[in-house]
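Here are the chains, one letter per residue:
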Amino acid sequence: MPKRKNTLRICLSLAILLVVIVAAYNWATSPETASEEPLRQRQLNSLKQWFARETGNDAQPTKITKSVPLSGKGERESFGKKKTKLKRKDLLVAIPSSSDRLPLVRGSRLWRRGVPSLIITEFWSDPDKLTRQAEFEGEKFEKYGEWREAWGCLKIGDVRAGVTPFLAAHLHGYNNFKWMLYGDDDTVFFIDNALDMLEGLDHNMPYFLTDHLWFPDQFDGRGGDHRKMHPNRSAPRCLPCGYQDPLHQPNGTSIHVPAGSYRAPEGCPCTLETLCRGADNPGYWGPECQWNKASHPGWWYFAHGGAGAILSVGLLRSIEWAKMERRFDVDGGVSGDSQFMAAVFDESGILPTDPGFGFYRPQMTLFDPGWRGEQARGPEDWGVADLGNDPMGIIDRLQYSLTKGHCSKDCEESLQHMLTTHIRARYAVGDVIPQDVQNFTYGGPEEHRATVYLQHKLATMYDRYMEKKGFQRS
């Protein structure tokens, strides 16, 4: 009897061992575990099939963005560019603000985390005390100006806004950053998207990056009677040096340049001579490259300050801080963003460069996008058509993609390439549900509380979106 029991135990043990061996063999030889390559190939094939459905079989391939994660991590087509890995410490955020708007500065810390930041406040503030109260290492405050800056400007602080990038670069040190993110205190930058875009560019080239430019909509020869709009695709700009895109041809010769757009040449760097001679844009320039459609950069042709801009250290090195300190006229009567663009052109000869992705895709704007070029706001000051400023629309699109897993192709491309959005304090209160603002524990005026609420909402939803898609950087 004992021998029979031992025999049964041995047979049972052998049977269990055989089952384990067969299961292990099947698992080890399956396509998913034997090699990552078959699985990756199936994912790539799935991506190609999705792309064909979205664009049609005969369409030129656009820049495949991070819509479908591959091998658990997002990847984006680089168009053959050699990329240099950038980190947050390679950036510098420069923000003009004031003592009464410090809640907005604090609200921006969520998207600025890990990025060195310089905030320029008015002359009676205590920057040393504010720096000591900073919530993360690398955030510093400095003051600029005098009592005269409150007089003679369109808005108090316009001079401070115009001078901020030059002062911030001077104080931080030109060897301590590669790219500056410059915007208002209610501008939100999407850092991971910015790093992805900048990795294909040379920070030593003098770049003034934006695709959100003010420009008159039409020129009728009647002085100031033409309508102004921003962003305006007809505003002169270059494309990045060596820009690569399946839709791109040099010297503005591509058939894919959207109607009404300036035919942008590559700028290496982007100068008046490049814009004038580099592509055929009838009516813009005189025979000696005189301005026909704009009297001068800064006069109804300038980068929108609220949309922000990205400036290379190569640009800022070419402009002496001592000259900037002397040139800003507190009685100029023009806005800070127009003063800034005029100063950049006068001192360096550099004009704006479009980052590129939205240039051939008229439904896209990267700096402060609206939705498909439709006017979400306005009319703004001076009868201007504002085709950007849609933070609530961005929140809605993020929410839809997070909930459904995917929004439309245009929607996903916009979310994965957008660089900034502008939250206007005077609009924000009407956008935010009253109980949300009431329950949001941030002091200050109601419009500031609403703005800070949206700053946090955008930053947290964008982080969730990037993490869910597999594109979040460390």
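The following paragraphs examine the structure supplied in this document. (Residues numbered from 1 in each chain as written. Predicted model: local features only at pLDDT ≥ 70, side-chain atom pairs only at ≥ 80, totals over all residues. Heavy atoms only, no water.)

### Details of the overall build of the chain
- Broken down by element type, the chain carries 17 helices and 12 strands.
- Counting across all 474 residues of the chain, residues that qualify as buried make up 53%.
- Residue pairs at least 24 apart in sequence account for 71% of intrachain contacts in the chain once pairs closer than 6 positions are excluded.
- If you sum the accessible surface of the chain, you get close to 21800 Å²; carbon and sulfur atoms cover 52% of it. (Helix = DSSP H or I, 4+ residues; strand = E, 2+ residues; numbered from the N terminus. Buried < 20%, exposed > 50% of the residue type's maximum accessible area, 1.4 Å probe, protein only. Contact = heavy atoms within 4.5 Å. Areas by Shrake-Rupley, 256 points an atom, 1.4 Å probe, with all protein chains shown as cover.)

### A short note on the environment of Lys-129
- If you trace the backbone, Lys-129 turns up in helix H6 (residues 127-132).
- For the pair Lys-129 and Lys-140, spaced 11 residues apart in sequence, the C-alpha to C-alpha distance is 9.9 Å.

### Some details on the state of the cysteines
- A complete count under the given rule lists four disulfides for this structure.
- The partner cysteine of Cys-238 in its disulfide is Cys-270, sulfur to sulfur 2.1 Å. The disulfide joining Cys-238 to Cys-270 has a torsion of about 80° about its S-S bond and is therefore right-handed. Of the two residues, Cys-238 is situated in the loop between strand S8 (228-230) and helix H9 (272-277) and Cys-270 in the loop between S8 and H9; the sequence distance between them amounts to 32 residues. Comparing Cys-238 with Cys-270, the two get one shared label, buried.
- Between the sulfur atoms of Cys-241 and its disulfide mate Cys-268 the distance is 2.1 Å. In this structure, the disulfide formed by Cys-241 and Cys-268 twists by about 100° around the S-S bond and is classed as right-handed. Residue Cys-241 is located in the loop between S8 and H9, and its partner Cys-268 is located in the loop between S8 and H9; the two are separated by 27 residues in the primary sequence. (Disulfide = S-S within 2.5 Å.)

### A word on the pairing of strand S1 (residues 91-96)
- Counting buried positions along S1 gives six out of six residues, so the element sits mostly inside the fold.
- Neither face of S1 is exposed, since Leu-91, Val-93 and Ile-95 on one face and Leu-92, Ala-94 and Pro-96 on the opposite face are all buried.
- Here S1 pairs with strand S2 (residues 117-121) via four bridges, running parallel. Following the sheet pairing, Pro-96 is matched in S2 by Ile-120. (Pairing = 2+ DSSP bridges.)

### Examining the packing of aromatic side chains
- Tallied over the entire structure, the rule returns 14 aromatic pairs.
- Taking the centre distance of 5.4 Å and the plane angle of 35° together, the rings of Phe-166 and Phe-340 count as tilted. Of this pair, Phe-166 sits in helix H7 (residues 158-172) while Phe-340 sits in helix H12 (residues 336-348), and the two are 174 residues apart along the sequence. Note on accessibility: Phe-166 and Phe-340 belong to one class, buried. (Phe/Tyr/Trp six-rings, centres within 6.5 Å; stacked < 30°, edge-to-face > 60°.)

### Let's talk about the environment of Leu-366
- Mapping Leu-366 onto the fold places it in the loop between H12 and strand S11 (385-386).
- The class for Leu-366 is buried, based on a relative accessible area of 3%.
- The sequence separation of Leu-366 and Gly-388 amounts to 22 residues, and the corresponding C-alpha distance is 9.9 Å.
- The residues contacting Leu-366, other than those within four sequence positions of it, are Asp-211, Pro-355, Phe-357, Gly-358, His-417, Met-418, Leu-419 and Thr-420.

### With respect to the pattern of salt bridges
- Applying the stated criterion to the full structure yields 12 salt bridges.
- In this structure, the salt-bridge partner of Asp-185 is Arg-101, at a minimum N-O distance of 2.7 Å. Of this pair, Asp-185 sits in the loop between strand S4 (179-182) and strand S5 (187-189) while Arg-101 sits in the loop between S1 and helix H4 (102-107), and the two are 84 residues apart along the sequence.
- Measuring nitrogen to oxygen at the nearest pair gives 2.7 Å for the salt bridge that ties Arg-109 to Glu-139. Placement of Arg-109 in helix H5 (residues 109-112) and of Glu-139 in strand S3 (residues 139-143) is noted, with a sequence separation of 30 residues between them. Summarising the burial analysis for this pair, Arg-109 and Glu-139 share the class buried.
- Each of the salt bridges in this network shares a partner with another, and the network as a whole consists of Arg-101, Asp-185 and Asp-186. (Salt bridge = Lys/Arg side-chain N within 4 Å of Asp/Glu carboxyl O.)

These values are about where atoms sit, not about what they do.
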